[in-house]
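These are the residues of each chain, in order.
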Amino acid sequence: NAGVTQTPKFQVLKTGQSMTLQCAQDMNHNSMYWYRQDPGMGLRLIYYSASEGTTDKGEVPNGYNVSRLNKREFSLRLESAAPSQTSVYFCASSVRPGGNEQFFGPGTRLTVL
Amino acid sequence: GDSVTQMEGPVTLSEEAFLTINCTYTATGYPSLFWYVQYPGEGLQLLLKATKADDKGSNKGFEATYRKETTSFHLEKGSVQVSDSAVYFCALTRMDSSYKLIFGSGTRLLVRP
């Protein structure tokens, strides 16, 4: 039982390049989330998927797109990376939306030059 | 809007010292409150939670009591260990919001032998 897995662990991009961050969970959770973590700012929600087939914007969605590929997988795409997107990205999942425990992946450290 | 405020770190303690990390919140209604812990290089893990006023969450020797009158959820441990060195995040969610965990900025704890 791997929990929440993310790939890649590290990535360096040049400004304007695109990439997709992958996330998968094996806990049969309905809801999945993408956060970014910046120094001194805690975690901020980028996008979430309350259930398979739905996605919605969080606090900081600009510059990102998401796909809920199936119940297990939720990807985050940067179409044209900018230095302001340098951050650590975390995927999380929960049984259902709202006030429940979220389980986090190990994170992807992204640097945009 | 809803928010969480944590004491700034880093907090540096000697092993076996008493720990308090302050957390206060602003939210309408009756939020659920959480403490998450992030060990170096890892994602966040739920440490404890409380879902209503006067509830006490506890885990691994850590405790926090949901105080509605002071809108606080302070984290305490009677005797810290070197292995407790990590970043601690206070968070809330309202039961009427569909997705949001709102995080504080995190407090880094360093425990010296």
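One can find the structure itself at the top, above this paragraph.
Note that the structure is predicted; figures quoted are calculated from it, not measured.

All right, on to the environment of B:A17 then. Residues and elements named next belong to chain B. By the element assignment, A17 lies in the loop between strand 2 (11–14) and strand 3 (19–21). In the structure, A17 is positioned 60 residues away from K77 in sequence and 8.6 Å away in space, judged by C-alpha atoms. Apart from residues no more than four positions distant in its own chain, A17 is found in contact with K77, G78, S79 and V80.

On to the side chain of A:Q102, then. Examined against the element boundaries, A:Q102 turns out to sit in the loop between strand 9 (87–94) and strand 10 (103–104). A polar side-chain atom of A:Q102 sits 2.8 Å from a polar atom in the side chain of A:Y35.

Going from A:T7 to A:P8, the amide bond is cis rather than trans, its omega being -5 degrees. Position of A:P8 among the secondary structure elements: in the loop between strand 1 (4–7) and strand 2 (10–13). Of note, the bond from B:G9 into B:P10 is cis; its omega dihedral lies within 30 degrees of zero at 0 degrees. Checked against the element boundaries, B:P10 lands in the loop between strand 1 (3–6) and strand 2. If you check the backbone angles, B:K60 has positive phi at about 55 degrees while not being a glycine. Mapped onto the secondary structure, B:K60 falls in the loop between strand 7 (56–59) and strand 8 (62–65). Among the residues examined, B:K60 registers a relative accessible area of 53% and is labelled exposed. Phi at B:T71 is positive, roughly 45 degrees, even though this residue is not glycine.

It is worth spelling out the interface of chain A and chain B at this point. With 21 residues of chain A in contact, the opposing surface of chain B contributes 19 residues. The junction of chain A with chain B conceals about 1,600 Å² of combined surface from both sides, 60% of it contributed by carbon and sulfur atoms. Here chain A and chain B share 0 salt bridges between them. If you look at where chain A meets chain B, you find 2 residue pairs in polar contact (both at pLDDT 80 or more). Of all elements in the fold, only strand 4 (31–37) and strand 5 (43–49) of chain A reach the threshold of two or more residues within the side of chain A that touches chain B.

Throughout the structure, instances matching the rule amount to 11 aromatic pairs over all chains. Measuring from ring centre to ring centre gives 5.7 Å for A:Y35 and B:F103, while their planes differ by 90 degrees; the resulting arrangement is edge-to-face. In this pair, A:Y35 is assigned in strand 4 and B:F103 in strand 11 (residues 102–103), connecting two distinct chains. Classification of A:Y35 as buried rests on a relative accessible area of 0%. Among the aromatic residues, ring-to-ring pairing joins A:Y33, A:Y35, A:F104, B:F34, B:Y36, B:F89 and B:F103 into one connected group.

All names here are of chain B. Strand order in the open sheet made by the 4 strands is 3-9-8-7, with antiparallel pairing throughout. Of all the strands in the sheet, the pair left with one neighbour each is strand 3 and strand 7. Here the strands of the sheet are splayed against their neighbours by 15 degrees on average, with no regard to which way each runs. Sheet topology places strand 8 next to strand 9 (residues 75–77); 3 bridges connect them, and they run antiparallel. By the bridge assignment for strand 9, E63 is matched with E76.

The rules behind each value
Residues numbered from 1 in each chain as written. Chains lettered and ligands numbered in written order. Predicted model: local features only at pLDDT ≥ 70, side-chain atom pairs only at ≥ 80, totals over all residues. Heavy atoms only, no water. Helix = DSSP H or I, 4+ residues; strand = E, 2+ residues; numbered from the N terminus. Contact = heavy atoms within 4.5 Å. Polar contact = N/O pair within 3.5 Å; in protein donor to acceptor, adjacent residues only side chain to side chain. Buried < 20%, exposed > 50% of the residue type's maximum accessible area, 1.4 Å probe, protein only. Buried area = accessible area lost by both parts, 1.4 Å probe. Salt bridge = Lys/Arg side-chain N within 4 Å of Asp/Glu carboxyl O. Phe/Tyr/Trp six-rings, centres within 6.5 Å; stacked < 30°, edge-to-face > 60°. Pairing = 2+ DSSP bridges. Axes fitted to C-alpha atoms, helices over the stretch in contact; angles between N-to-C directions.

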